[in-house]
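# Chains, contacts and geometry: an overview
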Amino acid sequence: MIGRAARSLRRAAALAAALLGAALLHAHELQPALLELTQTGADSYRVLWKTPARADLRDAHPSFPPGARVTSEPVRVVVSDSYIEEYTLTGPGGRDGKSVAVTGSIASLFDVLVRVVRLDGTTQVLRLTPATPAVTIEAAPSRWRQALTFLRLGLDHILMGVDHLLFVLGLLMIVRDRWMLLKTITAFTVAHSITLGIATLGWARAPAPPLNAAIALSILFLGPEMVRVKRGETSLAIRYPWIVAFAFGLLHGFGFASGLTALGLSRGEIPLALLLFNVGVELGQLFFVAVILLLIRSFRLLEIRWSRWAEWLPPYVVGSLGAYWTLQRTWLLVTALR
């Protein structure tokens, strides 16, 4: 019975690994762009436009309704791995009830977060995606819509993060039973929740280049462990996968935090945003695990037979992608230090 379940898991993982490997062709690091509109007068705003410093995003820029005009010389700088542009915008009647959009390379962005800060201190957070490239600024934003924005941001952050999903898949492949699976997923959840909170509250931060390299290394680490499991061997990681999940989960939590720290939230906004973003991440993670478990169940019921080479696919896909990302991101790190 255990051997049959293990074979079903390997087949489900083979399919998931193939799909995630294909997604690599279109994957980017999950760094959201930020458009911040800070009201400085009845009819004027300070505009902050921040994008990842990638050449393919240089033609992406905010678009405002007719009548709005730039009244200061734009200040453009490159800080770390971000391109930043600031200027003053004025226009009849302010921005309430009017639309804001981003044109250019929006299709290649993970998302664009729009944050509006009014004179009275109230804020509104909106989200632009390739499917919804324009949003309307509301005079009295709904708290429900605000909450949904943070929830969906967390959900998409995990589901679009191929590297994070591959790590979860690798953990599933070295877990031997359901009780250990529960402990392993819980350990990963607790660990990344800790560092997500620490980073969002500003108590500590991890620079993106070394963090991304370390996350890639965590995926590479699981490749050989998956091979050991298939050969019937054992190791500390195989006996206690929850330890690996907790240790590397701390790194992944800093990676998740990039979706929130880009917003520059105030102290009053952080608790609710942090809670809902983390709930979104957990829902996405549980959805992915549920899909894998459903695939396992389906293979058992349908008695699908796969060739032996397909069952070796998951460890080699996970290990190869982990190695590729490790080399790529280490090279970017070394280049940035020159």
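Data block above holds the structure.
Read on for an overview of the structure.

## A look at the nonpolar core
Counting residues in hydrophobic clusters, the biggest one holds 56 residues, and the most contacted among them are Phe150, Leu166, Phe167, Leu260, Phe277 and Trp325. For this core, the secondary structure elements donating two or more residues are helix H2 (143–159), helix H3 (162–174), helix H4 (178–200), helix H5 (208–230), helix H7 (241–261), helix H8 (270–302) and helix H10 (313–337). Grouped together as the second largest cluster of nonpolar side chains are 19 residues, Leu35, Leu37, Val102 and Val112 included.

## Brief notes about the pairing of strand E6 (residues 82–90)
Where a strand is regular, its side chains alternate between the two sheet faces. In terms of burial, E6 is a largely internal element, seven of the nine residues being buried. Note that strand E2 (residues 44–52) and E6 share nine bridges and pair antiparallel. In the strand pairing of E6, tyrosine 45 is matched with leucine 89. Bridge count between strand E5 (residues 75–79) and E6: five bridges; the pairing is antiparallel. Residue pairing for E6: valine 77 is matched across the bridge by isoleucine 84.

## Considering the pairing of strand E9 (residues 123–128)
With respect to burial, E9 is a largely interior element, six of its six residues being buried. Here E9 shows no split at all, with Thr123, Val125 and Arg127 on one side and Gln124, Leu126 and Leu128 on the other all buried. Taken together, the six bridges between strand E8 (residues 112–117) and E9 define a ladder with antiparallel strand orientation. From the neighbouring strand, valine 114 faces E9, where its bridge partner is leucine 126.

## As for the packing of H3 against H8
Relative orientation of the contacting elements H3 and H8 amounts to 45°, with a least axis distance of 11 Å. With respect to H8, the element H3 is oriented oblique. Where H3 crosses over H8, the two elements pack in a sense that is right-handed. Facing H3, whose interface residues are Leu165, Val168, Leu169 and Leu172, H8 presents Phe288, Val289 and Ile292. Of the residues assigned to the contact of H3 with H8, the class counts are seven nonpolar, no polar and no charged.

What counts and what doesn't
- Residues numbered from 1 in each chain as written.
- Predicted model: local features only at pLDDT ≥ 70, side-chain atom pairs only at ≥ 80, totals over all residues.
- Heavy atoms only, no water.
- Core = buried A, V, L, I, M, F, W, Y, C linked by side-chain atoms within 4.5 Å.
- Buried < 20%, exposed > 50% of the residue type's maximum accessible area, 1.4 Å probe, protein only.
- Helix = DSSP H or I, 4+ residues; strand = E, 2+ residues; numbered from the N terminus.
- Pairing = 2+ DSSP bridges.
- Axes fitted to C-alpha atoms, helices over the stretch in contact; angles between N-to-C directions.
- Parallel < 35°, antiparallel > 145°, perpendicular 65-115°, else oblique.
- Left-handed = near helix turned anticlockwise from the far one by under 90°.
- Contact = heavy atoms within 4.5 Å.
- Nonpolar A, V, L, I, M, F, W, Y, C, P; charged D, E, K, R; others polar.

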